[in-house]
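This is what each chain is made of:
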Amino acid sequence: MRHIIGVDLGGTNIKTALVAPEGKIIKKYEISTQAKKGTKTIINNIISSIKHVQQGKITGIGIGSPGPLDYKKGVATNPVNLPFKNTPLRRIIQNKFELPTYLDNDANCLALAEAVFGQGKKYENVIGITLGTGLGGGIVINKKIYHGRTNAAELGHMTINYDGPKSRCGNNGCIETHVAARGIISIYNKKSNPYLIYKLALQGDKKAIETYKKMGYYLGIGLANIICALDPDIIIIGGKISNSWKFFSKTMNDIVKKRYFAKPCPIVKSKLKEAGILGAAALVLENK
């Protein structure tokens, strides 16, 4: 049996694994990205992590990276939290290991992982959303990532409040400014972080609970817009903030039902572990 290598490249850590075609992680290795040391160090760390898990016959290597990037050329153009500048990452890794190599946006990889191995595997049209520092999104149709011209599924930058707070992209009122980390902190209106607010909610703190309800309200508006545009079979939500599901999901679903004119698709919480690695590995399956 031929296996796949999946690389989840982050600003802090690189997670790499040998993955069976059915999604079982056979061998895993994690190393610090060391982004501050520059491009050469990061590439050497990627190579080192691949060597640690490489064994037997390998079909190919998939890499999920923060964007922006040019997935067609395999070039990391100017990723968030990484010092790459038009770095031909796919070619470098492909030449080093003499294996087919694929590179894509990490949010796309998360969505692909859900579509191939997760709660979306029985469906044709899947949307994956990750909630963390920002809101990342991916659209998968028939187990293939939908890229549009290049940058489809930048769902976090859809405007839901045209005169709302300024987003890091420069626009006002993007959905991620209301439902990701900064948005939750802003709603709570105190210096804190989403994890501490979540812990307070677990302890019954009314302000923390209301914060997540309001976040669910904004998320519901965004999801209703997505469903109006794409009418997917399922939406799957992951990322660290999805751990607060019990506090925001009811409001979220209520708003979606209120704002969508028909019966909406299921909206569920991700159950996948290591979705970044699995999504990167699934890039190889997608391109077979």
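Presented here is an overview of the structure given in this document. (Residues numbered from 1 in each chain as written. Predicted model: local features only at pLDDT ≥ 70, side-chain atom pairs only at ≥ 80, totals over all residues. Heavy atoms only, no water.)

Inspection of every chain in the model, using the stated rule, returns five aromatic pairs. The interplanar angle of 70° and the centroid separation of 6.1 Å between the aromatic rings of Tyr198 and Phe247 together place this pair among those described as edge-to-face. In this pair, Tyr198 is assigned in helix α6 (residues 194-202) and Phe247 in helix α8 (residues 245-259), connecting sequence segments 49 residues apart. According to the relative accessible area criterion, Tyr198 is buried, its value standing at 17%. What makes Phe247 buried here is its relative accessible area of 13%. Linked through ring pairs, Tyr198, Tyr212 and Phe247 together constitute an aromatic cluster. Between Lys207 and the ring centre of Tyr188, over which it is positioned, the NZ or CZ distance is 5.0 Å. (Phe/Tyr/Trp six-rings, centres within 6.5 Å; stacked < 30°, edge-to-face > 60°. Helix = DSSP H or I, 4+ residues; strand = E, 2+ residues; numbered from the N terminus. Buried < 20%, exposed > 50% of the residue type's maximum accessible area, 1.4 Å probe, protein only. Lys NZ or Arg CZ within 6 Å of the ring centre and 35° of its normal.)

For any two helices packed against each other, the geometry comes down to the angle between their axes and how far apart the axes lie. Packing of helix α3 (residues 106-116) against helix α9 (residues 275-286) brings their axes to within 7 Å, and their N-to-C directions diverge by 75°. The pairing of α3 with α9 is recorded here as roughly perpendicular in orientation. Touching Cys109, Leu110, Leu112, Ala113 and Val116 of α3 are Ala275, Gly276, Leu278, Gly279, Ala280, Ala282, Leu283, Leu285 and Glu286, all from α9. Its residues placed into classes, the contact of α3 with α9 shows eleven nonpolar, two polar and one charged. (Axes fitted to C-alpha atoms, helices over the stretch in contact; angles between N-to-C directions. Parallel < 35°, antiparallel > 145°, perpendicular 65-115°, else oblique. Contact = heavy atoms within 4.5 Å. Nonpolar A, V, L, I, M, F, W, Y, C, P; charged D, E, K, R; others polar.)

Attention shifts here to the environment of Thr59. The topology assignment puts Thr59 in strand β4 (residues 58-65). The partly exposed category is assigned to Thr59, whose relative accessible area is 23%. With 54 residues separating them in the primary sequence, Thr59 and Ile5 have C-alpha atoms 8.1 Å apart.

Turning our attention to the environment of Gln34. For Gln34, the location among the structural elements is in the loop between β3 (25-32) and α1 (39-53). Between the C-alpha atoms of Gln34 and Ala113, which are 79 residues apart in sequence, the distance is 26 Å.

The geometry of helix α7 (residues 206-230) relative to α8 is characterised by a closest axis approach of 7 Å and an angle of 35° between their N-to-C directions. The chirality of how α7 crosses α8 is right-handed. In contact with Ile209, Tyr212, Lys213, Met215, Gly216, Tyr217, Leu219, Gly220, Ile221, Leu223, Ala224 and Ile227 of α7, α8 contributes Phe247, Phe248, Thr251, Met252, Ile255, Val256 and Arg259. (Left-handed = near helix turned anticlockwise from the far one by under 90°.)

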